[in-house]
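# A structural walkthrough
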Amino acid sequence: QESEFENRLDGETASDSESRSDFGGSSTVPTSDDTPEVLNRALSNLSSRWKNWWVRGILTLAMITFFFIIIYLGPMVLMTIVMCVQIKCFHEIITIGYNVYHSYDLPWFRTLSWYFLLCVNYFFYGETVTDYFFTLVQREEPLRILSKYHRFISFTLYLTGFCMFVLSLVKKHYRLQFYMFGWTHVTLLIVVTQSHLIIHNLFEGMIWFIVPISCVICNDIMAYMFGFFFGRTPLIKLSPKKTWEGFIGGFFSTVLFGWLLSYVMSGYRCFTCPVEFNSDTNSFTVDCEPSELFQLQEYNIPLVLQSVVGWKTVRMYPFQIHSIALSTFASLIGPFGGFFASGFKRAFKIKDFANTIPGHGGIMDRFDCQYLMATFVNVYIASFIRGPNPSKLIQQFLTLRPDQQLHIFNTLKAHLVDRGILGSLEDA
Amino acid sequence: EVDLEERLCELDLRSDSDIPDVPPPTDSTPEILKKALSGLSARWKNWWIRGILTLAMISGFFLIIYLGSFMLMLLVLSIQVKCYHEIITIGYRVYHSYDLPWFRSLSWYFLLCVNYFFYGETVADYFATFVQRREQLQFLIRYHRFISFALYLTGFCMFVLSLVKKHYRLQFYMFAWTHVTLLITVTQSHLVIQNLFEGMIWFLVPISSVICNDITAYIFGFFFGRTPLIKLSPKKTWEGFIGGFFSTVVFGFIFSYFLAQHQYFVCPVEYNSETNRFVTECEPSELFQMKKYSVPPLLQAVLGWETVNMYPFQMHSFALSTFASLIGPFGGFFASGFKRAFKIKDFADTIPGHGGIMDRFDCQYLMATFVHVYITSFIRGPNPSKLLKQLLILQPEQQLSVYKTLKSHLVEKGILQPSLRG
């Protein structure tokens, strides 16, 4: 039982007996000790297993503090951080590909991977910028042209990369080159689309960024703690350290945490208002009339809970109901992202994605559960929360032909009259 | 006993020449053809088979165009499914992974999910009136993205649960292979259908230009070919490339001239909810109305005319044929490289003498995306019916404010008379 206890302390990714046999040949990414000297000296007198625990703990606190600081600094800094994280994740996964295939000396391949990253980012940022910075873009002539022909320009850039790839095919290395091409594209699909969905969520309101990410982090930590104290039944063969007790305990704690965090955050405009770009002051502002999601409402407590809780009604923000959906997803489906990453690491015989964070591994190790979360939040918002943006619709309307405009206007009018929103003789 | 993982590791890292070939496809030429051509030598026999099948495919193409848009959509869908099947089968053979748990089902499931997502987006746009009438469809449309995402997630979770210790790497390879294939085949096929809805001419001219380029480049190469073009495809020559380019441009120009005269090809495809059929009837847009162009003085001396009557669309056809001739072949080179990388002669043996469906469509990939991007950038603005759909799901107060803004705009532009009521 002692060795089991020790194994649990050794941290998330496995150095238990099962995976050690997988390590057969040499593992592909050599892990060097990245811990800063200062920590090493401070902890030098502890035994190695406690030292590992302390390093992980300190780094966890450091990351959480860092998270709070950048939230404080505002949307622009957050966007930059998301961008940096994305680039680092892309770099980590591509490096693994190189190591797996020993393909450092493929012609042009590094350049091409970075070029494709640039293209896809240009495409996505262009779409976002056009939406959110509309007035700024319309004012400046070069920006207006870039935004009008944005898709064509992005496609041309991508095509150039594609043709370069075809021209770079070398007889002896066809298969490797196709593998790396496929690897690059799948990585782009995972990493870049997620990061842009995160930025979309951010623009919807910082609460839509903070609550999901915090729920995933909380679920990670809570599941670990519950597993540590009560864990007995293994959850899935893929990650032998996860247990059902940890999973269920993490689920309930995360729902509770999400509930409380949403309550605290919904009170502040800087979190609940959509981020807008003020073209006069050339900065981001978060100032608005809070939508009804963020206004306190009275809810009747179901009779069952009334006797337990002792209140008849409770005042809550409607957003807290949504937070239940978000935390449920974070606890139940989020871990599948983690399992996917674990399977990936076992498949390619690597212990961690990289060594960026001492005690934790690479950036990807910390963000593996976040992938699905970002997409879910985005789809959730688009489906259940906001409709399309009216000002964007008006912009699109203005680019139509007159006969199309008239047709739409008449249809809208008929619809409004139908619904009684507009009196049939009304003349606005 | 060598572990499968170890074998795979070696497989990945060996140079291309060490890798054993995928077993060659069997000869699927129909018996009739074989008997008719039994008297000829092997090389002429092959040439005849290719020729006959080419004519058969072109006739089939014309027949389906005649049958209308709906049949074309079905055709595109079948081709997409077949291409997907061919590429996935190659993946299975390369990785000897027929016996991976659930993998076939998962690949088909993902194909279904992605198709559901894309068709849902298209259907919602083009069939707006049809959909508005039925309650269940309304629900599916409104929450379409959420439903598609939930379906995809189910597949993803199934994949994670199906991971088996001995086969992790293989399973991840096949997962990635499936996704890249979906990216290539399914997105292209939906862009083809979007182009089709814009007007059949936007479907016919690009595809014909690519086919024409293929054939004329082959013919020019056959008669005049001398300088090799690229190491990847030793049979291609610069003479074929350049000859094909000029022929395709001329072909596109002339073909567009003929097609632009008929409403059937030029009008956007619309779904008529009363007759429950697709109709192509409209006032032809200005792209398809004859205009006088002044011939530049340079060409005036050559041609002897001062002005010429042309459709503006023919100018666009220059862009389309140029792309088909210059960049389209890169799609072909990509496919050739792929075949060499995985040591296969053809994608499959569906069409005797030609190979699989993918072999015929490899140059078309980039073309479909290009035409779509071209149309959205240079031809049409946003889709009015999509805009209408979004307007109708706004909150009533938002709808009212949008209505007022639009009204003031239209009055300002004089499109709407301020005193007009109703």
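Just so it is clear, the model here is predicted, and its values are computed rather than measured.

What counts, and where the lines are drawn
Residues numbered from 1 in each chain as written. Chains lettered and ligands numbered in written order. Predicted model: local features only at pLDDT ≥ 70, side-chain atom pairs only at ≥ 80, totals over all residues. Heavy atoms only, no water. Helix = DSSP H or I, 4+ residues; strand = E, 2+ residues; numbered from the N terminus. Buried < 20%, exposed > 50% of the residue type's maximum accessible area, 1.4 Å probe, protein only. Contact = heavy atoms within 4.5 Å. UniProt positions renumbered as here; feature names shortened; annotations may be inferred. Salt bridge = Lys/Arg side-chain N within 4 Å of Asp/Glu carboxyl O. Core = buried A, V, L, I, M, F, W, Y, C linked by side-chain atoms within 4.5 Å. Buried area = accessible area lost by both parts, 1.4 Å probe. Polar contact = N/O pair within 3.5 Å; in protein donor to acceptor, adjacent residues only side chain to side chain. Nonpolar A, V, L, I, M, F, W, Y, C, P; charged D, E, K, R; others polar. Patch = residues over 30% accessible without salt bridge, like charges linked within 9 Å, V, L, I, M, F, W, Y side chains within 5 Å. Areas by Shrake-Rupley, 256 points an atom, 1.4 Å probe, with all protein chains shown as cover. Lys, Arg positive; Asp, Glu negative; His and termini not counted. Charge placed at Lys NZ, Arg CZ, Asp CG, Glu CD.

### Here we look at the overall build of chain B
Within chain B, the secondary structure is distributed over 19 helices and six strands. Classification of the 422 residues of chain B by burial places 47% in the buried group. Across chain B, every contact between residues at least 6 apart in sequence was considered, and the portion connecting residues at least 24 apart equals 70%.

### Observations regarding the UniProt feature "transmembrane region" (unreviewed entry) in chain A
Residue and element names in this part refer to chain A. Per the UniProt annotation, the sites labelled "transmembrane region" (unreviewed entry) are residues 108–125, 152–170, 177–199, 205–231, 243–261 and 319–341. Annotated as residues 108–125, this span is 94% helix and 0% strand, and its ends, taken at the C-alpha atoms, are 25 Å apart. Annotated as 95% helix and 5% strand, the span residues 243–261 places its first and last C-alpha atoms 26 Å apart.

### With respect to the pattern of salt bridges
Residues and elements named next belong to chain A. Under the criterion given, the structure shown has five salt bridges over all chains. Measuring nitrogen to oxygen at the nearest pair gives 3.5 Å for the salt bridge that ties Lys 88 to Glu 92. A residue pair is termed a helical-turn pair when its members lie 3 or 4 positions apart in one helix, as Lys 88 and Glu 92 do in helix H5 (residues 75–101) at four residues. On the basis of relative accessibility, which here comes to 28%, the residue Lys 88 falls in the partly exposed class. When its relative accessible area of 2% is taken as the criterion, Glu 92 is described as buried. With its nearest N and O atoms 3.6 Å apart, the salt bridge here joins Arg 315 to Glu 298. Taken together, the residues span a long stretch of sequence, with Arg 315 in strand E6 (residues 313–316) and Glu 298 in strand E5 (residues 297–300) at a distance of 17 residues. Residue Arg 315 is classed as partly exposed on the basis of its relative accessible area of 48%.

### Concerning the nonpolar core
Counting 177 residues, the largest nonpolar core has Phe 165, Trp 208 and Phe 209 of chain A together with Phe 159, Ile 201, Trp 202 and Phe 203 of chain B as the members making the most contacts within it. Examining the composition of this core, we find that 14 residues originate from one element, helix H10 (residues 174–204) of chain A, more than from any other. Membership of the second largest hydrophobic core comes to 18 residues, among which are Leu 393 and Leu 422 of chain A together with Leu 387 and Leu 406 of chain B.

### Quick notes on the UniProt feature "transmembrane region" (unreviewed entry) in chain B
Here, the residues flagged by UniProt with the feature "transmembrane region" (unreviewed entry) are residues 47–79, 100–119, 139–161, 173–193, 199–225, 237–260 and 313–335 of chain B. Secondary structure content for residues 313–335 of chain B is 96% helix and 0% strand, while the C-alpha to C-alpha distance between its ends is 31 Å.

### Side note on the interface of chain B and chain A
Each partner contributes to the interface: chain B provides 76 residues, whereas chain A provides 74 residues. Interface area, chain B with chain A, both sides summed: about 7,600 Å², of which 78% is carbon and sulfur. The largest share of the area that chain B buries against chain A comes from Phe 172, Phe 334 and Tyr 403 of chain B, three residues that together contribute 9% of it. For the interface between chain B and chain A, the tally reads zero salt bridges. One can count two residue pairs in polar contact (both at pLDDT 80 or more) joining chain B with chain A. Secondary structure elements with two or more residues in the side of chain B that touches chain A: helix H1 (4–13), helix H4 (69–95), helix H8 (144–161), helix H9 (168–198), helix H15 (328–341), helix H17 (364–379), helix H18 (384–392) and helix H19 (396–412) of chain B. Among the elements that line the side of chain B that touches chain A, the one with the most residues is H19 of chain B, at twelve residues. Of the residues contributing to the side of chain B that touches chain A, the split by class is 53 nonpolar, 13 polar and ten charged.

### A few points about the side chain of Thr 185 of chain B
By the element assignment, Thr 185 of chain B lies in helix H9. Beyond its immediate sequence surroundings of up to four residues, Thr 185 of chain B is in contact with Gln 80, Cys 83, Tyr 84 and Ile 87 of chain B.

### Details of a positive patch on the surface
A surface patch of like charges, here positive, comprises Lys 171 and Lys 172 of chain A together with Arg 50, Lys 235 and Arg 340 of chain B. With respect to the element layout, Lys 235 of chain B can be found in strand E2 (residues 233–237). Judged by its relative accessible area of 79%, Lys 235 of chain B is exposed.

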